[in-house]
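The residues making up each chain are set out below.
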Amino acid sequence: MDVSPPGPDRVDAAVVGGGPAGLSAAVYLARYNRRVLVFDTGHGRSTHHQVNHNYLGFPGGIATVELRRLAVEQLARYDNARVVHHLVTAVEGDAAGGFTLRSQGHRWQARTVLLATGVLDHFPHFPDWQAYVGRSMFWCITCDGYENRGRDILVVGHTDAAAGEAMQLHALTDRVRLLTNSRRDDISETFRRRLAGAGIEVVHDRIGEVEGADGRLRAVLTRGGRRLGLDALFSLQGATPETALARALGVTLNDAGYVVVDSEQKTSVPGVYAAGDVTSLHSHQVAAAVHEGAQAASAAHYFLHPPELKAD
């Protein structure tokens, strides 16, 4: 096995991101007997309060923070893997000479880099808004639509994507309203007619305050003076992929700003892989992220083999 020389600051693979994609990749790499270092800043979608009901093997669902905890515990069984809580601020180099990753006051070297940096969701901001995410404020109908059947739902967004989500949620409950929460209202006439036909009111206003406690929203008070009672809020204000490191490495991005990968999670730069929501290769689901992390790790492991062990 071609494993890099021992040393705390030189590894076979640097995994940037400690969510499901990054931790899945790290477990696979560790089991391939590769030296792997995971950079986890403790942020991202899997640090919110939501319970994942779609992940196979957990009949009652599992909180994403608990899934992360179990994954870290699983990874800790391998002496050749470790997690550090540093923010990687720069990365440079290539597969020929190795990659250098930097954070404030620290530097690491890696033979391959795996980006699992995720996305930044644009949730509505109001006092203590983070406490509501995953409890009564959601972004994913696939993840949380089922649990909100028959409830009062407020969709927040000013585009056709928000209108489409409102129409899909209408299949689960007939109590749906849409709040633009923006100076702009970019909903097309086509979707406006569909919303009207479904009896979904469009409120062109912005959030002023909210009523709620213990992560449970009761109402949104708009700047224009409306009180919109609700059981759940679905935010469709978009998300921005976290691609600063990918851009620094010269990795190709698509028109939406996501990292372009092939079916093995290879990017356009040799020795650099990406997995999870930052690729948008599949729907943004924990199951997809775990799969992509495993695939990226397997591809990186094969890349690290000496030529005589490769079939191609």
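Check the entry above for the structure.
A few points on the structure.

Conventions used here
- Residues take numbers from 1 onward in each chain, read along the sequence in its written order.
- Given that this is a predicted model, residues contribute local features only at a pLDDT of at least 70 and side-chain atom pairs are listed and counted only at 80 or more, while totals for whole chains, interfaces and linings are drawn from all residues.
- Each side-chain value is worked out from all heavy atoms of the structure, with water and hydrogens disregarded.
- A side-chain nitrogen of Lys or Arg and a carboxyl oxygen of Asp or Glu constitute a salt bridge if their distance falls within 4 Å.
- For helices the rule is a DSSP run of H or I covering at least 4 residues; for strands it is a run of E covering at least 2, with both sets numbered from the N terminus onward.
- Exposed residues in this analysis have more than 50% of their type's maximum accessible area, buried residues have under 20%, and partly exposed residues fall in between, with area computed by a 1.4 Å probe over protein chains only.
- Paired strands are those between which DSSP finds at least two bridges.
- Axis geometry follows a simple rule: fit a line to the C-alpha atoms, using only the stretch in contact for helices, then measure angles between N-to-C directions, giving values from 0 to 180 degrees.

## Quick word on the pattern of salt bridges
Pairing is possible between side chains of opposite charge, provided their charged atoms come close.
Then step 1. For the coordinates displayed, the defined rule picks out 14 salt bridges.
Then step 2. Of the charged contacts, one joins Asp-121 and Arg-45 as a salt bridge, the two residues approaching to 2.7 Å between their closest N and O atoms. Of this pair, Asp-121 sits in strand 9 (residues 119-121) while Arg-45 sits in the loop between strand 2 (36-39) and strand 3 (51-52), placing them 76 residues apart in sequence. Comparing Asp-121 with Arg-45, the two get one shared label, buried.
Then step 3. Arg-45 is paired through a salt bridge with Asp-277; the nearest N and O atoms lie 2.9 Å apart. Placement of the pair is Arg-45 in the loop between strand 2 and strand 3 and Asp-277 in the loop between strand 19 (272-274) and helix 7 (286-304), with a sequence separation of 232 residues. Judged on exposure class, the residue Arg-45 and its partner Asp-277 are both buried.
Then step 4. Each of Arg-45, Asp-121 and Asp-277 takes part in salt bridges that share partners, so that together they form one network.

## Considering the sheet that holds strand 16 (residues 227-229)
In any sheet, the strands associate via hydrogen bonds between backbone groups, in a parallel or an antiparallel arrangement.
Then step 1. Pairing is antiparallel in the open sheet, where 3 strands are placed in the order 14-15-16. The two strands at the open ends of the sheet, each matched to only one other strand, are strand 14 (207-213) and strand 16. Each strand of the sheet is rotated relative to its neighbour by a mean of 25°, with strand direction disregarded.
Then step 2. Here 6 bridges tie strand 14 to strand 15 (residues 216-222), and the two strands are oriented antiparallel to one another. Across the sheet, the residue bridging to Ile-207 is Thr-222, located in strand 15.

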